[in-house]
Structure formats: structure tokens, C-alpha cells
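This is what each chain is made of:
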Amino acid sequence: KMRGLHAAQVAAALDALSIIRGDELTVVDIGDSAGTHGQYLRALAPEGKMARVLSVNLDPVAIDKIRAKGGDAVLGRAEDLDVAEYNAALFCLFETLEHLSDPLRFLHRLATGAAAHVLVSVPYRRHSRFGDDHLRLAESAMPEKLTAEQVHIYEFSPADWALLARFAGYRVVFQRIYRQYPRRSIFRLTAPLW
């Protein structure tokens, strides 16, 4: 299941890189927890297309994992990132934006801070919702250790995420919905197994 999701995300990143002009590009993966996407991108990007993949995470354990795999990593919160400092061609947020307390302000900061291209991957929701049940569950389970990584604060439908991105200052270039199982065949009965 995780391999399939990573494959879809990396394929989208490679497609995004093919749209961006230039060589020796820097990609910043915000919220990277293991360095896996960076490994794939470095291995699969066309020769000379990428110069650097930088991972950003607020968890020191994640930073250690990324560095152990030979990746370049920065410890810090996504919201505090100095966007202009990295001169990145592409910012990737794989399963990250739904954890931020103010995704609109964050995207707007990226858009106005020289982040021309952003690739966002979020969990699919048919209807948008505020993640209050995630917050309550996380708070009751471990109130003293509640972190952004444990909860989905906002979960928006694809149309609402696109609207949010446009309002922040971006133009949606492509949008895909990845599903773990088929929707329109007899195999849809396998959905509970996924």
C-alpha cells in the first residue's frame, strides 16, 4: 500500500519536474519523514535535471533517517521555513498540508517567497471537513505530547484544495486522484482489505 502511494507521488513529482524548465534543479520535500521520495527522485530524474533534494521535518528522528540514507535534511517547522533561502524549483508536500494549522497562509508564503512550483499530495476526501475528531483523539491519548504530525487539522476535497491553492496565488497545472483499489469493477469489493 505504501509503495503504491509513493510510486504515485514520485510519478507526479517527475511529471512536475518535466514541466519546469532548467537543469540542476533543487527540490525541497517539506514534511519528509524518511528520505524515500528523495532517493527515488535522485535515481529516476533525467540526467542533469536535479542538483539537490532537501528534506525538511520537525522531528529529529526523521532527520536522522534521511541523513542515514545519504539525504540532505533540515530540522524545522514547515511554517518557519525561509522559502527564498533554498532557491528551489519545486516544493513537495506529500501528506503534509493537512497537518498545518493554517494551510492557506503557508501556501501564500510559498507563493510570495519565490516558490514558483508546488506539488501537493493530500488524503482524498469527497467532502471537506475540519479534523476535530483527530484533535480530540490525539489530545485524549497523549495531551502533553500532541504534535502536528499526529493530527489532520483540515481535510479538503480535491476541488477545495485547488481553490485554496488558487487563492494563495498558484495556478493548478495538473490534478490527479490516486486510489488504492479499483472503483468500477468487481475488484472494488476488495476495498475493505486495503
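All residue numbers here refer to positions counted from 1 along the written sequence of the relevant chain. It should be noted that, the model being predicted, local features are given only for residues of pLDDT at least 70 and side-chain atom pairs only at 80 or more, the latter also being counted only at that level, while totals for whole chains, interfaces and linings use all residues. Calculated side-chain values reflect all of the structure's heavy atoms, with hydrogen atoms and water omitted.

Quick one: what's the story with the packing of aromatic side chains, residue by residue and with numbers?
Stacked, tilted and edge-to-face are the three classes assigned to paired rings of Phe, Tyr and Trp, where Trp is represented by its six-membered ring and a pair needs centres within 6.5 Å; plane angles under 30 degrees give stacked, over 60 edge-to-face, the rest tilted. Across all of its chains, the model carries three aromatic pairs by this definition. Members of the aromatic cluster, joined through ring pairs, are Phe-130, Tyr-154, Phe-156 and Trp-161. One cation-aromatic arrangement involves Arg-179 over Tyr-124; the distance from NZ or CZ to the ring centre is 5.2 Å. Distance and angle both matter: a charge sits over a ring if NZ of Lys or CZ of Arg is within 6 Å of the ring centre and within 35 degrees of the ring normal.

Can you break down the layout of surface pockets residue by residue, with the values?
Taken as a whole, the largest pocket holds about 1400 Å³ of empty space. Every residue lining the largest pocket is counted, 49 residues in all, and those nearest its centre are Val-120, Ser-121, Val-122, Gln-175 and Arg-176. Sorting the residues of the lining of the largest pocket by element identifies α1 (2-19), β4 (90-94), β5 (118-121) and α7 (158-168) as the ones contributing at least two each. For the lining of the largest pocket, the element with the highest residue contribution is α1, accounting for seven residues. Throughout this entry, Asp, Glu, Lys and Arg are counted as charged residues, while Ala, Val, Leu, Ile, Met, Phe, Trp, Tyr, Cys and Pro are counted as nonpolar. The remaining residues, Gly among them, count as polar. The residue inventory of the lining of the largest pocket, partitioned by class, reads 32 nonpolar, eight polar and nine charged. Lining residues are defined by having an atom within 4 Å of a point belonging to a cavity or pocket. Those points lie on a 1 Å grid over the protein atoms alone, cavities being sets where a 1.4 Å probe fits but cannot get out and pockets being open sets with protein on both sides within 12 Å along at least five of seven lines. Grid points are joined across faces, edges and corners, and a volume is the space filled by probe spheres set on the points. If you add up the space inside the second largest pocket, you get close to 570 Å³. Helix and strand definitions follow DSSP, with helices as H or I runs of at least four residues and strands as E runs of at least two, each counted in order from the N terminus.

So what's going on with the sheet that holds β4? Residues and values would help.
The strands making up a sheet associate through hydrogen bonds between their backbones, and the pairing can be parallel or antiparallel. Pairs of strands are assigned from DSSP output, requiring at least two bridges between the strands. Spatially, five strands are ordered β3-β2-β1-β4-β5 in an open sheet, and the strand pairing comes out parallel. Every interior strand has two partners, whereas the edge strands, β3 (72-75) and β5, have only one. With strand direction ignored, the average angle separating the axes of adjacent strands in the sheet is 20°. Pairing of strand β2 (residues 50-57) with β3, which is carried by four bridges, proceeds in the parallel orientation. Counterpart to Leu-54 in the pairing with β3 is Asp-72. Contacts are residue-level and defined by heavy atoms, with any inter-residue pair within 4.5 Å sufficient. Here the axes come from fitting lines to C-alpha atoms, over the contacting stretch only for helices, and the angles between their N-to-C directions go from 0 to 180 degrees. Sitting on the sheet, α1 is in contact with β1 (25-30), β2, β4 and β5, with an inclination near 165° to β4. Across the sheet, helix α5 (residues 103-112) lies against β1, β4 and β5, angled at about 165° from β4, the strand it touches most.

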